[in-house]
Amino acid sequence: MREQQPVAKKKKKVKHFYDYSLLFCIIFLTAFGLVMIYSASSYTAQLNPLYKGNGAYFMQRQAGIAAAGFVMMLVISKIDYHLFAKFAASAYILSYILMIAVSIVGREVNGKKRWLGVGPVSFQPTEFVKIALIVMLAAIITVLGNKINELKSALSIVFLTLPIAALVGMNNLSSGIIVCGIAFVMLFVACKIKWPFFGIGFLGLGVLAGAGPIGRALVQIKLLQPYQYRRIEAWLNPESDPTDKGFQVLQGLYAIGSGGLVGQGLGGSIQKLGFLPESQNDMIFAIICEELGLFGAVSIILIFLFMIYRFMIIANNAPDLFGALLVVGVMGHIAIQVILNIAVVTNTIPNTGITLPFISYGGTSVLFLLMEMGIVLSVSNRIRLEK
């Protein structure tokens, strides 16, 4: 009789995680943003002859770019995130080239050069800088390993960040602050020694408390532009010039105050009818407060908190340090931008022109944010559910 051959056991297929909770969160915030952009901009768009009476102009433009961004996000989410490390240095160098180019040949809008473009197509290089820096710092910190706890190694990260942050901050102070904030968060997570970071945090609060005299001193030595100092003045005492410097701040506060608990109803904002400048951009959170009230504002904040919670879950379970740091960098970017935008709208800090992620109008912003989400989902997709 023939001996029976042992049946070969089939190898169990390794199952990988994919964070659908984060994906649904992204879809909801982007869709909600489109609704609020239409609500905030339809009146002014109808009156502007450039848009030929199309009240949905801003929403349609944002929707088209967001659709392209979603395709890019899904493609990136299926790519092995380790591939990004190979292009880290090239992307970092390209970010310098783009920022120098925008300073020389950039399109000037409202006295600021922030856009590069050809014909009708334009984008803000600062958004590319944020992604390039996140990938570059994640790659370097991973290579340094435990050496990141040494002062020399930590300072190398600082020296990599400050020059590009200064280039960004020359024409866009808010983005320069975010670039520094991203590096701060990534270093904080990577380093075992935490007290210097808390020291820097308390120093930042001290600078905020003494913003008035510090701002005047910086203007004198030409480190701060006069228009930037006027924002500090408007923050400290908006009622002193309610028709000029303090106008936007006061109108935003009126919008928040008139919203009450449940708001005036979707589309019922009064401040968007030509009273609140940039209502679909930087100040869209004020329109949310006016139309949806405290309930709507808190709900949006809770959704952002849930998103940050999902980032933490993915970072904690990432297959390696590089993946974890990529997610931490994106988490730092989103968290800082949300905090600063809401702080500006509520006049907690001076107006720095920061958009609310996924919700404010801005094609470049939503496109690159969705690309960042693709990177985070790529890391989540490499988490093994079974060994």
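Here, every reference points to the structure presented above.
Conventions we followed
Residues numbered from 1 in each chain as written. Predicted model: local features only at pLDDT ≥ 70, side-chain atom pairs only at ≥ 80, totals over all residues. Heavy atoms only, no water. Helix = DSSP H or I, 4+ residues; strand = E, 2+ residues; numbered from the N terminus. Rg over C-alpha atoms; globule rule 2.2 N^0.38 Å. Contact = heavy atoms within 4.5 Å. Areas by Shrake-Rupley, 256 points an atom, 1.4 Å probe, with all protein chains shown as cover. Phe/Tyr/Trp six-rings, centres within 6.5 Å; stacked < 30°, edge-to-face > 60°. Buried < 20%, exposed > 50% of the residue type's maximum accessible area, 1.4 Å probe, protein only. Axes fitted to C-alpha atoms, helices over the stretch in contact; angles between N-to-C directions. Parallel < 35°, antiparallel > 145°, perpendicular 65-115°, else oblique. Left-handed = near helix turned anticlockwise from the far one by under 90°. Nonpolar A, V, L, I, M, F, W, Y, C, P; charged D, E, K, R; others polar. Salt bridge = Lys/Arg side-chain N within 4 Å of Asp/Glu carboxyl O. Core = buried A, V, L, I, M, F, W, Y, C linked by side-chain atoms within 4.5 Å. Disulfide = S-S within 2.5 Å.

Chemist: What is the right way to read the overall build of the protein from this model?
Modeler: If you tally the helices and strands in the protein, you get 14 helices and 3 strands. Computed over the C-alpha atoms, the radius of gyration of the protein is 23 Å, within 12% of the 21 Å expected from 2.2 N^0.38 for a compact globule of 387 residues. Overall, the C-alpha framework of the protein stretches about 100 × 50 × 45 Å when taken along its three principal axes. For the protein, long-range pairs separated by at least 24 residues make up 71% of all intrachain contacts whose partners lie at least 6 apart in sequence. Carbon and sulfur atoms provide 68% of the accessible area of the protein, an area that totals close to 19,700 Å².

Chemist: It is not clear to me how the packing of aromatic side chains should be interpreted in this structure. Could you clarify?
Modeler: Here the distance between the centres and the angle between the planes together describe a pair of aromatic rings. All told, the structure shown has 14 aromatic pairs when counted by the stated rule. Taking the centre distance of 5.0 Å and the plane angle of 85° together, the rings of Phe58 and Tyr361 count as edge-to-face. Residue Phe58 is located in helix H2 (residues 57-77), and its partner Tyr361 is located in the loop between helix H13 (321-345) and helix H14 (363-380); the two are separated by 303 residues in the primary sequence. There is no split in this pair, since Phe58 and Tyr361 are both buried. Taking the centre distance of 5.5 Å and the plane angle of 85° together, the rings of Phe188 and Phe197 count as edge-to-face.

Chemist: Looking at this structure, how should I read the packing of helix H6 (residues 151-171) against helix H7 (residues 173-190)?
Modeler: Packed helices, taken two at a time, are described by the angle their axes make and the gap between the axes. At a minimum axis distance of 7 Å, the contact between H6 and H7 shows a crossing angle of 165°. Classified by the angle their axes make, H6 and H7 are roughly antiparallel. As H6 runs across H7, the sense of the crossing is right-handed. On H7, the residues touching Ala154, Ile157, Val158, Thr161, Leu162, Ile164, Ala165, Val168, Gly169 and Asn171 of H6 are Leu173, Ser175, Gly176, Val179, Cys180, Ala183 and Leu187. Broken down by class, the residue content of the contact of H6 with H7 amounts to 12 nonpolar, 5 polar and no charged.

Chemist: So what exactly am I meant to see when it comes to the pattern of salt bridges here?
Modeler: Between side chains of opposite charge, pairing is possible as soon as their charged atoms come close. Evaluated as defined, the whole model comprises 4 salt bridges. Ionic pairing is found between Glu291 and Lys272, a salt bridge with its closest N-O pair at 3.2 Å. Of this pair, Glu291 sits in helix H12 (residues 284-317) while Lys272 sits in the loop between helix H11 (247-259) and H12, and the two are 19 residues apart along the sequence. With respect to class, Glu291 is no different from Lys272; both count as buried.

Chemist: Whenever I open this one, the nonpolar core confuses me. Can you help?
Modeler: Inside soluble globular proteins, nonpolar side chains tend to come together where they are buried. Judged by nonpolar contacts, the single largest core of 108 residues is most densely connected at Phe311, Ile334 and Phe358. When residues in this core are grouped by element, the largest group, 17 residues, is from H13. Contacts of Phe358, omitting those with residues within four sequence positions, involve Ile26, Leu29, Thr30, Gly33, Phe304, Met307, Ile334, Leu369, Leu370 and Met373. If you look at the next biggest cluster of nonpolar residues, it comprises 5 residues, including Ala211, Leu224, Ile232 and Trp235.

Chemist: Where do I start with the packing of helix H5 (residues 125-144) against H6 in this structure?
Modeler: The N-to-C vectors of H5 and H6 enclose an angle of 170°; their axes lie 11 Å apart at closest approach. One way to sum up the angle between H5 and H6 is to call them roughly antiparallel. Taken together, the residues of H6 that come into contact with H5 (itself represented by Thr126, Val129, Leu133, Leu137, Ile140, Ile141 and Leu144) are Ser153, Ser156, Ile157, Leu160, Thr161, Ile164 and Val168. Tallied by class, residues from the contact of H5 with H6 come to 10 nonpolar, 4 polar and no charged.

Chemist: Would you mind showing me how to read the state of the cysteines here?
Modeler: Put plainly, two cysteines are in a disulfide when a covalent bond ties their sulfur atoms together. This model, assessed by the stated rule, comprises 0 disulfides. Here Cys25 is not disulfide-linked; the sulfur of Cys289 is the nearest cysteine sulfur, at 18 Å. Looking at Cys25, the relative accessible area reads 6%, which means it is buried. Here Cys191 stays unpaired: no disulfide links it, and the sulfur of Cys180, its closest cysteine neighbor, is 16 Å away.

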